[in-house]
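Coordinate inspection notes
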Amino acid sequence: MFGLTGATKYKYIPNYMDMRGGYDKLSGVVRSLGENPENGTAYVFMSKNQKLVKIIRYEKGRCLYYSQKFKGGFSFVRLRFDVDKPVYVLQWKYLVSLMGTPVIKEIPVRELECIESAA
């Protein structure tokens, strides 16, 4: 079972937004940044439009892959950092906020008929 808990170490990869791949492609990205995707750390990726988050983790000989997607006018909170780095350590409390707090990106407004009062 894939358990996201506070005991897991999380790292966020902010500059990779191509979400077409699965575990193998994303673990290759982690390796290209000098990290080891098989060390038990969970690596977090977010799509450019902020509607998809993918998390990979290697645990006890298993490649674990988690994906969460918003549809419609909702998206994930964009994480901002003071310095530009290829990998950030992400605290559990921020991951919980990221995954559990949808942001409304747009509110579709329908035109309403103006009803004139009878004089």
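Residues numbered from 1 in each chain as written. Predicted model: local features only at pLDDT ≥ 70, side-chain atom pairs only at ≥ 80, totals over all residues. Heavy atoms only, no water.

Our next topic: the overall build of the protein. Each helix and strand counted, the protein has two helices and seven strands in total. Of the regular secondary structure in the protein, the N- to C-terminal order runs β-α-β-β-β-β-β-α-β. Looking at the 119 residues of the protein, the share that counts as buried comes to 39%. For the protein, long-range pairs separated by at least 24 residues make up 63% of all intrachain contacts whose partners lie at least 6 apart in sequence. (Helix = DSSP H or I, 4+ residues; strand = E, 2+ residues; numbered from the N terminus. Buried < 20%, exposed > 50% of the residue type's maximum accessible area, 1.4 Å probe, protein only. Contact = heavy atoms within 4.5 Å.)

The geometry of two aromatic rings is summed up by the distance between their centres and the angle between their planes. For the coordinates displayed, the defined rule picks out six aromatic pairs. Seen in terms of ring centroids, Phe81 and Tyr88 are 3.8 Å apart; in terms of plane orientation they differ by 10°. Their pairing is stacked. Taken together, Tyr12, Phe81 and Tyr88 form an aromatic cluster joined through their ring pairs. (Phe/Tyr/Trp six-rings, centres within 6.5 Å; stacked < 30°, edge-to-face > 60°.)

Let us look at the sheet that holds strand S2 (residues 42-46). The mixed open sheet is built from five strands, whose spatial order is S4-S3-S2-S1-S6. Of all the strands in the sheet, the pair left with one neighbour each is strand S4 (62-69) and strand S6 (88-90). Adjacent strand axes in the sheet meet at a mean angle of 25° when their direction is disregarded. The sheet contact formed by S2 and strand S3 (residues 52-59) spans four bridges and is antiparallel. Residue pairing in the sheet places Met46 in a bridge with Val53 of S3. (Pairing = 2+ DSSP bridges. Axes fitted to C-alpha atoms, helices over the stretch in contact; angles between N-to-C directions.)

Those residues of helix H1 (residues 23-32) that sit buried are Tyr23, Leu26, Ser27, Val29 and Val30. The arc enclosing the buried residues of H1, seen along the axis, measures out at 150°, which places them on a common side. Turned more than 90 degrees off the buried face of H1, the exposed positions are Asp24 and Ser32. Phi for Gly34, located one or two positions after H1, is positive at around 85°. (Arc of directions from axis to C-beta.)

In terms of nonpolar packing, the biggest core is built from 15 residues, with Val44, Val53, Leu95 and Leu98 touching the most fellow members. For Leu95, the residues in contact, after removing those within four places along its chain, are Tyr10, Val44, Ile55 and Leu90. Counting residues in hydrophobic clusters, the runner-up holds twelve residues, among them Met19, Leu26, Tyr43 and Phe45. (Core = buried A, V, L, I, M, F, W, Y, C linked by side-chain atoms within 4.5 Å.)

If a strand is regular, its side chains alternate between the two faces of the sheet. Here S3 runs beside S4; their pairing, made up of eight bridges, is antiparallel. Residue pairing across strands places Lys54 opposite Ser67, the latter belonging to S4. Where S3 folds back on S4, the antiparallel hairpin that results is connected by two residues, among which Lys60 adopts a positive phi of roughly 50°.

Take the pairing of S3 next. Of all eight residues in S3, seven are buried, a share of seventy percent or more. Between S2 and S3, which pair antiparallel one after the other, the connecting turn spans five residues, and Gln50 there sits at a positive phi close to 65°.

The values are spatial; any link to function lies outside them.
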